Amino acid sequence: MNCSQIQNLLSDYYDHELSSDINQEMEAHLSTCESCTESLTAFENLTQLTGNLSEPVPPANMWNELELCLREEAGQTDQIVSSVVPYSRFGLLKKYSLLIVAATFLFTVSIGYLNQSKNEHHAHHNSSAVFKQYLTAFENNPDSAQQILLKNYQNDLVNPHQAIKLLGYLPAVATSLPAGYKVEASYVVKMPCCTCSQTICRRKDGSLIVIFEHDEKTPQWFEGQPKKNMICNGKRCCLVDLDSQMAASWQHGKRHITVIGINDEQEVDKLIAWSDQASNKS
Amino acid sequence: MTSNKVDNQIESSKTTQVDARLLARCLKNDRQAQRQLYEMTHQAVYRLMVRMVGLQEASDLTQQVYLKLFSKLHQFAGNSKFETWLYRLASNEALQYLRKNSRKKTTTLIEDPVNQQQPIAERDEQRELLGVALDRIEPELRSIFLLREVEEMSYREIAKIIDVPEGTVGSRLNRARRDLQTHLLELGWRA
Ligand SMILES: [Zn+2]
């Protein structure tokens, strides 16, 4: 291949999209051609520069505004809202801040109402039964497990950084995450023991673990499950055997961290090391 | 340069996997499911919007993407990945906006109040240069560059998202990268 052919395929080569035989030809050429290698280096520099772009933070009220539009589209706009502004389309949202204020008020009222009825409904549930249901569901279907928790307990979907308003402290997941895990969703859940931070994290392989941070010790979560106390990474830690996975709980400053969906003791060590680091930072 | 094509495809999406059950609930207008879907995916949509159209319009356009998403969800066939479909809605929305507002110059500079642990002036400067350079290349090339470099999509996914033959993705990326490099050098970029 000559230089111009190489140049035409340079992105394909750089992005690993070539078959192995062409790839070899490219490599052969690049090992001898200075100018094509220079072009490739320019691509690398560009990637590096792009990697330095900071991650934009979505505005916190975006969902509320969106939900307002969804309600409006579904024709669910309540009397109070429509009396403030006759009608508005989503593109005009920003101009109708009054409408949003009114709607936010409505949400608060309706959420408050829902919570009240939920509390009455589920007052008889004791926490160990709900949590047991959650644990059983988690191993096969983390999604439906989450629904069990959300159905039973008052909760707010939050950005970990904003959870401080509801919790009174910044949860460890907000300061950093263990390497190789990504936050999928973070909630503040009002459990019978205390108000907890709950964060669903995804591993690189797609599987999930859930990190709870809570004020009180929560042995009732694992009532009747086989447990062992161990020292992991220099810290006293309670390990609970679930069917194919483990849960682990340890003291984290004044609070406790409990993680569901752990694969092995090595992972416990890793998570404890992370939480220690997080508490040093905060 | 040691990783191969297989690695590249496993890690090809920065959004999290959305499953069919959640989508089915969204189709029934289950608001909690819609919110969950939004929470799982909006960071990526917003990120793309900020870099495509600028900080000012990004949240409005992100919201419009989700309004379209929920109203068109029944059209999602399920034979492609949900993320691909979502990126497609998002990049169409951005390109449509840019076509309508082609005279207005947008800027993709990003303010970042959260990440201030390392205020390295030079790095910030370089970052801004990229924002300006991105703004100067054709929107179509900008979207393809962002899908590859930021969202880490494979060529196959990019082809589906922007609706071009898979074989042309590489040559478009060549153009995007060279155009960006030209603008960066004009702006005084030192690699
Ligand atoms: Zn050459």
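Each chain carries its own residue numbering, running from 1 in the direction its sequence is written. Throughout, the order in which chains and ligands are written sets their labels, letters from A for the former and numbers from 1 for the latter. Local features in a predicted model are, by the rule used here, given only for residues with pLDDT of at least 70; side-chain atom pairs are given and counted only at 80 or more, and totals for whole chains, interfaces and linings are based on all residues. Note that the side-chain values use all heavy atoms of the structure and ignore hydrogens as well as water.

Novice: Break down the overall build of chain A for me, with residues and values.
Specialist: Counting its regular elements, chain A contains 12 helices and 8 strands. A total of 282 residues make up chain A; the buried ones form 48% of that total. Intrachain contacts of chain A at a sequence separation of at least 6 include 51% that bridge at least 24 residues. Helix and strand assignments come from DSSP, with helices taken as H or I runs of at least 4 residues and strands as E runs of at least 2, each series counted from the N terminus. When accessible area is computed with a 1.4 Å probe and restricted to protein chains, residues below 20% of their type maximum are described as buried, those above 50% as exposed, and intermediate ones as partly exposed. In this analysis, two residues are considered to be in contact whenever any of their non-hydrogen atoms come within 4.5 Å of each other.

Novice: Requested: an account of the overall build of chain B, with residues and values cited.
Specialist: For chain B, the count of helices and strands is 9 helices and 0 strands. In sequence order, chain B lays out its α and β elements as α-α-α-α-α-α-α-α-α. Residue pairs at least 24 apart in sequence account for 68% of intrachain contacts in chain B once pairs closer than 6 positions are excluded. Under the convention used here, a 1.4 Å probe and the Shrake-Rupley method define accessible areas, while residue burial counts only the protein chains that appear. In the structure as shown, chain B presents an accessible area of about 9,300 Å², 47% of it carried by carbon and sulfur atoms.

Novice: An account of the coordination of the zinc ion is requested, with residue identities and associated values reported.
Specialist: All names here are of chain A. Around the zinc ion, the protein contributes the donor atoms C3 (SG), H29 (NE2), C33 (SG) and C36 (SG), which lie 2.1 to 2.4 Å from the metal centre. Taken together, the 4 donor atoms surrounding the zinc ion define angles of 105 to 117° at the centre, an arrangement classified as tetrahedral. Note: metal donors comprise N, O and S atoms at 2.8 Å or less from the metal (3.2 Å for Na, K and Ca); water molecules are not included, so apparent gaps in a site are possible. Sequence positions of the donors to the zinc ion reduce to the motif C-x25-H-x3-C-x2-C. Residue C3 is found in helix α1 (residues 3-8), and its partner H29 is found in helix α3 (residues 20-32); the two are separated by 26 residues along the sequence. Think of it this way: with four donors and all angles in the 85 to 135 degree range, the site is tetrahedral; with four or six donors, opposite ones beyond 155 degrees and the rest between 65 and 115, it is square planar or octahedral; otherwise it is irregular.

Novice: Pulling in residues and values, what's your account of the environment of T84 of chain B?
Specialist: All names here are of chain B. By secondary structure assignment, the location of T84 is in helix α5 (residues 82-100). When the C-alpha positions of T84 and A159 are compared, they lie 9.7 Å apart, and in sequence the two are 75 residues distant. What T84 contacts, discounting residues up to four positions off in sequence, is E157, K160 and I161.

Novice: Give a description of α5 of chain B that names residues and reports values.
Specialist: Multiplying 1.5 Å by the helix residue count minus one yields the expected span of that helix. Over its 19 residues, α5 of chain B extends 27 Å from the first C-alpha to the last, a length consistent with the 27 Å expected when each residue adds 1.5 Å. Among the 19 residues in α5 of chain B, 14 count as buried, and that is most of the element.

Novice: Can you lay out the sheet that holds strand β5 (residues 227-232) of chain A for me, pointing to particular residues and giving the numbers?
Specialist: Residues and elements named next belong to chain A. Strands were regarded as paired on the criterion that DSSP finds at least two bridges between them. The strand order across the open sheet built from 8 strands is β1-β2-β3-β4-β8-β7-β6-β5, with neighbouring strands paired in antiparallel fashion. The sheet terminates laterally at β1 (154-157) and β5, the two strands that pair on one side only. Taking the axes of each pair of neighbouring strands and ignoring which way they run, one obtains an average angle of 25° across the sheet. Here β5 runs beside strand β6 (residues 235-241); their pairing, made up of 6 bridges, is antiparallel. Bridge assignment links M230 to a residue of β6, and that residue is C237. Throughout, an axis means a line fitted to C-alpha atoms (over the contacting stretch in the case of helices), and angles, computed between N-to-C directions, take values from 0 to 180 degrees.

Novice: Tell me what's going on with the interface of chain B and chain A, and back it up with residues and numbers.
Specialist: Residue-level contacts link 60 residues of chain B with 53 residues of chain A. Any carboxyl oxygen of Asp or Glu within 4 Å of a side-chain nitrogen of Lys or Arg constitutes a salt bridge here. Counting across the chain B and chain A interface gives 4 salt bridges. A salt bridge links E67 of chain A to R31 of chain B, with the shortest nitrogen-to-oxygen separation between them at 3.7 Å. Two N or O atoms form a polar contact when they lie within 3.5 Å of each other; inside protein one atom must be a possible hydrogen donor and the other a possible acceptor, and for residues adjacent in sequence the pair counts only when both atoms belong to side chains. Scanning the region where chain B abuts chain A turns up 23 residue pairs in polar contact (both at pLDDT 80 or more).

Novice: An account of the packing of helix α4 (residues 34-51) of chain A against helix α9 (residues 169-186) of chain B is needed here, citing residue identities and associated values.
Specialist: Interaxial distance between α4 of chain A and α9 of chain B falls to 10 Å at its minimum, and their mutual angle equals 75°. The angle between the axes of α4 of chain A and α9 of chain B places the two elements in the roughly perpendicular class. Contact residues: α4 of chain A offers A42, F43, L46 and L49 of chain A, while α9 of chain B offers N174, R177, R178, L180, Q181 and L184 of chain B. Residues that form the contact of α4 of chain A with α9 of chain B fall into these classes: 6 nonpolar, 2 polar and 2 charged. Under this scheme an angle from 65 to 115 degrees is roughly perpendicular, one under 35 degrees roughly parallel, and one over 145 degrees roughly antiparallel; angles in between are oblique. Note on residue classes: Ala, Val, Leu, Ile, Met, Phe, Trp, Tyr, Cys and Pro are nonpolar, Asp, Glu, Lys and Arg are charged, and everything else, Gly too, is polar.

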